[in-house]
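One letter stands for each residue in the lines below.
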Amino acid sequence: MPSARELKDRLFTAINHHDLCDVLDCYAPDAVYVSPAGVAEGRDQIAWIYEALCKVFPDICYTPWYKAPCVDPAFTEYTMTGTHGGPLLLPGGRVAAPTGRRITVRGSCACAVEHGKIITDRDYYDQLELYSQLGISLEPPPGS
């Protein structure tokens, strides 16, 4: 069975190729994916997250630059790059129209595996860094 490290490497490759079937095959049916954008539980919700990511950034690419020397859980630091080519859902339900701007965002992630599939995948990146690069300012709700 593949280790967490092997699965995370495979997941990054699948994302970079926009291969949603292979992305989902990395996850257990009841896996949980946690990111700054929210929590996805199960393959259907995880599929929605990755489909949206590939629509927002059609050329999305994850480049790992540090892989912690452990097998499970797998800890990775990476750089996410892409071009903002699709609508981006913002906090509060607003949508940012495509800007055509390039992003380079640093992040880290940790995933754990059981029975050869990812059961938890926690992804951390700075949303403010992302929004700043896209020229998006977050306004407090009226009356705050």
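Quick caveat, the model's predicted, so the values are computed rather than measured.

A.B. asks: How should I be thinking about empty space enclosed by the protein in this particular structure?
C.D. replies: Remark: the empty space left among the atoms is shown by a probe the size of a water molecule rolled over them. A complete count under the given rule lists one cavity of 30 Å³ or more for this structure. Roughly 40 Å³ of volume is contained in the largest cavity. Looking at the largest cavity, the residues that line it are Lys-8, Phe-12, Ile-15, Tyr-33, Tyr-50, Tyr-62, Tyr-78, Cys-109, Asp-121 and Asp-123. Broken down by element, the lining of the largest cavity gets its largest block of residues, three residues, from helix H1 (residues 4-16). Class assignment of the residues belonging to the lining of the largest cavity gives a composition of seven nonpolar, no polar and three charged.

A.B. asks: Is there a simple way to think about the nonpolar core in this case?
C.D. replies: Nonpolar side chains tend to gather and get buried jointly when the protein is soluble and globular. Tyr-27 and Tyr-50 are the most contacted members of the largest nonpolar core, which totals 40 residues. Taken together, the elements giving at least two residues each to this core come down to H1, helix H2 (20-25), strand S1 (27-35), helix H3 (42-56), strand S4 (74-83), strand S7 (102-114), strand S8 (117-125) and helix H4 (127-134). Non-local contacts of Tyr-27, meaning those with residues more than four positions away in its chain, are made with Leu-11, Tyr-33, Arg-43, Ile-46, Tyr-50, Lys-117, Ile-118 and Asp-121.

A.B. asks: Explanation requested: a nonpolar patch on the surface in the structure shown.
C.D. replies: A surface patch of nonpolar side chains, amounting to about 340 Å² of accessible area, comprises Trp-48, Leu-89 and Val-95. Here Leu-89 is to be found in strand S5 (residues 88-89).

A.B. asks: Would you explain the sheet that holds S7 in this entry?
C.D. replies: Taken together, six strands build an open sheet; the order of strands is S2-S1-S8-S7-S4-S3 and the sheet is mixed. The strands lining the two open edges of the sheet, one partner per strand, are strand S2 (38-41) and strand S3 (61-67). Across the sheet, the axes of successive neighbouring strands diverge by a mean angle of 20°, strand direction being ignored. Each of S1, S3, S4, S7 and S8 is contacted by H1, which is oriented at about 5° to S4, the strand it contacts most. Here H3 sits on the sheet and contacts S1, S2, S3, S4 and S8; the angle it forms with S1, its principal contact strand, is near 50°.

A.B. asks: Mind showing me how you'd approach the packing of aromatic side chains here?
C.D. replies: A ring pair, where both rings are aromatic, is described by two values, the distance of the centres and the angle of the planes. Inspection of the entire model under this criterion finds five aromatic pairs. Plain terms: the ring middles of Phe-12 and Tyr-78 are 5.8 Å apart, the flat faces sit at 65° to each other, and that makes the pair edge-to-face. Residue Phe-12 is located in helix H1, and its partner Tyr-78 is located in strand S4; the two are separated by 66 residues in the primary sequence. Tyr-78 matches Phe-12 in its accessibility class, with the two residues each being buried.

What counts and how
Residues numbered from 1 in each chain as written. Predicted model: local features only at pLDDT ≥ 70, side-chain atom pairs only at ≥ 80, totals over all residues. Heavy atoms only, no water. 1 Å grid on protein atoms, 1.4 Å probe; cavity = no way out; pocket = protein on both sides within 12 Å on 5 of 7 lines; lining within 4 Å. Points joined across faces, edges and corners; volume = space filled by probe spheres on them. Helix = DSSP H or I, 4+ residues; strand = E, 2+ residues; numbered from the N terminus. Nonpolar A, V, L, I, M, F, W, Y, C, P; charged D, E, K, R; others polar. Core = buried A, V, L, I, M, F, W, Y, C linked by side-chain atoms within 4.5 Å. Buried < 20%, exposed > 50% of the residue type's maximum accessible area, 1.4 Å probe, protein only. Contact = heavy atoms within 4.5 Å. Patch = residues over 30% accessible without salt bridge, like charges linked within 9 Å, V, L, I, M, F, W, Y side chains within 5 Å. Areas by Shrake-Rupley, 256 points an atom, 1.4 Å probe, with all protein chains shown as cover. Salt bridge = Lys/Arg side-chain N within 4 Å of Asp/Glu carboxyl O. Pairing = 2+ DSSP bridges. Axes fitted to C-alpha atoms, helices over the stretch in contact; angles between N-to-C directions. Phe/Tyr/Trp six-rings, centres within 6.5 Å; stacked < 30°, edge-to-face > 60°.

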